[in-house]
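Chain and residue survey
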Amino acid sequence: MGIDYGEKRIGIALSDPLLTFAYPFITLQNDSSFLVKLTKIIDEKKIVKVILGLPSERFNSSTELSKKVLKLKFEIEMKNKIEVILWDEEFSSAIAKEKVIESVTKKSKRRQKELLDRHSAAVILQEYLDAQ
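How each quantity is defined
Residues numbered from 1 in each chain as written. Predicted model: local features only at pLDDT ≥ 70, side-chain atom pairs only at ≥ 80, totals over all residues. Heavy atoms only, no water. Helix = DSSP H or I, 4+ residues; strand = E, 2+ residues; numbered from the N terminus. Buried < 20%, exposed > 50% of the residue type's maximum accessible area, 1.4 Å probe, protein only. Contact = heavy atoms within 4.5 Å. Areas by Shrake-Rupley, 256 points an atom, 1.4 Å probe, with all protein chains shown as cover. Core = buried A, V, L, I, M, F, W, Y, C linked by side-chain atoms within 4.5 Å. 1 Å grid on protein atoms, 1.4 Å probe; cavity = no way out; pocket = protein on both sides within 12 Å on 5 of 7 lines; lining within 4 Å. Points joined across faces, edges and corners; volume = space filled by probe spheres on them. Nonpolar A, V, L, I, M, F, W, Y, C, P; charged D, E, K, R; others polar.

**Some words on the overall build of the protein**
Summing up its helical and strand segments, the protein has five helices and five strands in all. Each of the 132 residues in the protein was classed as buried or not, and the buried ones make up 44%. Sequence-distant contacts in the protein: of pairs separated by 6 or more residues, those separated by 24 or more amount to 62%. When the accessible area of the protein is evaluated, it comes to approximately 8000 Å², of which 55% is carbon and sulfur surface.

Quick look at the structure:
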């Protein structure tokens with residue numbers, strides 16, 4: 001499972017059983033019920049590892065967001081007893097935007113931020129899979 005953390009929405013991506021390719025799955029609201037919903041997905045999909053996007057340290061504005069990502073990593077590990085790997089997400093949004101433009105023909109649908117969030121999660125997960 002790949003996760004693209006955002007303060008409003010969190011994109012989720014999954015991989016095929018052979019761990020060859022990642023695909024966008026769902027976007028969840030970042031609210032008090034997020035961890036419960038995530039745990040349900042982890043259980044239902046029998047997830048064995050989570051790849052969590054970490055904002056690049058090159059930008060000062062990402063420091064606060066990085067702290068929230070590290071907190072989420074700890075919460076996922078404790079609640080699900082699962083390995084969570086941090087992955088640099090520096091270009092994931094830009095790559096995801098290109099993939100959305102390529103794959104979604106309707107301009108009105110391309111503007112949906114939820115679509116970009118789950119595609120960003122797929123980019124993060126795919127980069128991890130390719131590196132293995």
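**Description of the nonpolar core**
In this structure, Met1, Ile3, Leu38, Val50 and Ile76 are the most contacted members of the largest nonpolar core, which totals 21 residues. Secondary-structure elements contributing two or more residues to this core are strand S2 (9-15), helix H1 (34-44), strand S4 (49-54) and helix H2 (62-80). Ranked by the residues each element gives to this core, the list is headed by H1, at five residues. Ignoring anything within four residues of it in the chain, the contact list for Met1 reads Ile12, Ala13, Leu14, Leu38, Ile41, Ile42, Ile47, Lys49, Val50, Ile51 and Leu125. Core analysis: the second largest hydrophobic core is formed by 10 residues, Ala122, Ile124, Tyr128 and Leu129 among them.

**With respect to unusual backbone geometry**
With phi around 60 degrees, Leu19 is a residue other than glycine that occupies positive phi space. Tracing the backbone through its elements, the reader meets Leu19 in the loop between S2 and strand S3 (22-29). On the accessibility criterion, Leu19 (52% relative accessible area) is exposed. If you check the backbone angles, Lys81 has positive phi at about 50 degrees while not being a glycine. Mapped onto the secondary structure, Lys81 falls in the loop between H2 and strand S5 (83-88). Relative accessible area serves as the criterion here: at 70%, Lys81 is assigned to the exposed category.

**Topic: the layout of surface pockets**
In this structure, the largest pocket occupies an estimated 350 Å³ of space. In this structure, the largest pocket is lined by 17 residues; those nearest its centre are Met1, Ser15, Asp16, Leu19 and Val48. Counting residues per element, the ones that place at least two in the lining of the largest pocket are S2, S4 and helix H5 (113-131). Here the lining of the largest pocket gets three residues from one element, more than from any other, and that element is H5. When grouped by side-chain class, the residues that make up the lining of the largest pocket number 11 nonpolar, two polar and four charged.

Purely spatial values, then, with no claim about function.
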